[in-house]
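# Residue-level structural notes
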Amino acid sequence: MSLIPKSHPRAKSLLIREKLVVGFDNGLVAKEGLLAHGRGEAFDYLLGEKTGKAALQAIRAAAAQILVAEMPVISVNGNIAALCPKQIVKLSKQIKAKLEVNLFYVNEKRKQAIIKTLKKNGANEILGSKITSSKKLPGIDSARRIVDKDGIFVADVVIVPLEDGDRTMALRKAGKTVITFDLNPLSRTSQTANITIVDNVTRAIDLLINESKKLSKKNKKSLQKIIDDFDNKKNLRENIIQIKNNLTRSAKIA
Ligand code: PTJ
């Protein structure tokens, strides 16, 4: 049972934090995942803790991109398994994307706990656990280089929520289109992905599910136009301006 009263002015944020802590206690989240969440919280605060206009545009572009993909794969780490396992499975089914567990702080026990959680939430097949299916992604030294030969290795579009920068670069070099969720518009992942959704994954994931359902009625040409009209660098600048405007407003009040 949660110790956070619903009436607490910061209940929403504290409840998300609690999911991470419970995820840590249940062996899903790395210690470093708690720190990563703290960094995300700080940026969320600066962004106003709501989905901005720029994020909505990125979500639309991401939905179009996954709908035109031939083989989309969603990479799942500890934080995602703790924060939104049900939604990530729902998204994978809706857009017919494979799920692959890929950890930065590799740990077999944690990997198995994540797989169990995804299965409990309705996932059928989860890649990334068979040694015989392992392939090395060139240009990266971390454990994230080990990918599944039937998953990320052959994917054309890879969705990497809450990612560290070096793999995004390696995936781009391998010719893949990368979509990420990252609250920090300045991070290397944000700057190197094709589409960066600068929003809390706990808010944006449902929006992405809805948008991909909505756009699934559009033809390929219209979807491609949405993708071509999207400029990630411009979108990131808009998010930074949003932070600047929020700070300027707060400075006037203070
Ligand atoms: O489970 P593992 O071993 O794969 O490890 C996962 C973490 C997240 C620990 C690992 O990938 C890592 O260290 O990531 P970084 O380099 O800290 O990057 C995480 C990024 O996600 C940072 O830019 C955070 O601002 C951002 N972030 C954190 N929480 C959220 C978020 N973005 C969106 N929604 C969040 N809830």
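Everything discussed here concerns the structure shown above.
Summary of the structure given here. (Residues numbered from 1 in each chain as written. Predicted model: local features only at pLDDT ≥ 70, side-chain atom pairs only at ≥ 80, totals over all residues. Heavy atoms only, no water.)

### Side note on helix 6 (residues 108-120)
Between the first and last C-alpha of helix 6 there are 18 Å, a value that for 13 residues agrees with the 18 Å anticipated at 1.5 Å per step. Within helix 6 the residues assigned to the buried category are Arg-110, Lys-111, Ala-113, Ile-114, Ile-115, Thr-117 and Leu-118. Lining the buried residues of helix 6 we find strand 1 (72-76), helix 4 (78-83), helix 5 (85-94), strand 2 (98-101) and strand 3 (126-127). Where helix 6 starts, the residue carrying a side-chain oxygen 2.9 Å from the main-chain nitrogen of Lys-109 turns out to be Asn-107. A positive phi of about 105 degrees marks Gly-122, the residue just after helix 6. (Helix = DSSP H or I, 4+ residues; strand = E, 2+ residues; numbered from the N terminus. Expected span 1.5 Å × (residues − 1). Buried < 20%, exposed > 50% of the residue type's maximum accessible area, 1.4 Å probe, protein only. Contact = heavy atoms within 4.5 Å. Polar contact = N/O pair within 3.5 Å; in protein donor to acceptor, adjacent residues only side chain to side chain.)

### Regarding the side chain of Arg-144
Position of Arg-144 relative to the elements: it lies in the loop between strand 4 (134-136) and strand 5 (146-148). Beyond its immediate chain neighbours, meaning those up to four positions away, Arg-144 contacts Asn-77, Asn-102, Leu-103, Phe-104, Leu-162, Glu-163, Asp-164 and Arg-167.

### Here we look at helix 1 (residues 11-25)
A rise of 1.5 Å per residue sets the reference length of helix 1, with its 15 residues, at 21 Å; its end C-alpha atoms lie 20 Å apart and thus fit the reference within 8%. Turning to helix 1, its buried residues number three or more, namely Ala-11, Ser-13, Ile-16, Leu-20 and Gly-23. A positive backbone phi angle near 80 degrees is found at Gly-27, which sits one or two residues after helix 1.

### A closer look at the pattern of salt bridges
By the definition in use, this model includes eleven salt bridges. Salt bridges sharing common partners tie together Asp-44, Asp-199 and Arg-203. (Salt bridge = Lys/Arg side-chain N within 4 Å of Asp/Glu carboxyl O.)

### Observations regarding the site of the ligand
Inspection of the region around the ligand gives 26 residues, with Phe-104, Tyr-105, Arg-110, Arg-144 and Asp-182 positioned closest. Take Tyr-105: an N or O atom from its main chain is 2.8 Å from an oxygen atom of the ligand. Contacts to the ligand include Asp-182, whose side-chain N or O atom sits 2.8 Å from an oxygen atom. The fraction of the free accessible surface of the ligand (740 Å²) that becomes covered by protein chains is 95%. For the shell around the ligand, the secondary structure elements donating two or more residues are helix 2 (31-47) and helix 4. With six residues, the single largest contributor to the shell around the ligand is helix 2. Its residues placed into classes, the shell around the ligand shows nine nonpolar, nine polar and eight charged. (Near = heavy atom within 4 Å. Areas by Shrake-Rupley, 256 points an atom, 1.4 Å probe, with all protein chains shown as cover. Nonpolar A, V, L, I, M, F, W, Y, C, P; charged D, E, K, R; others polar.)

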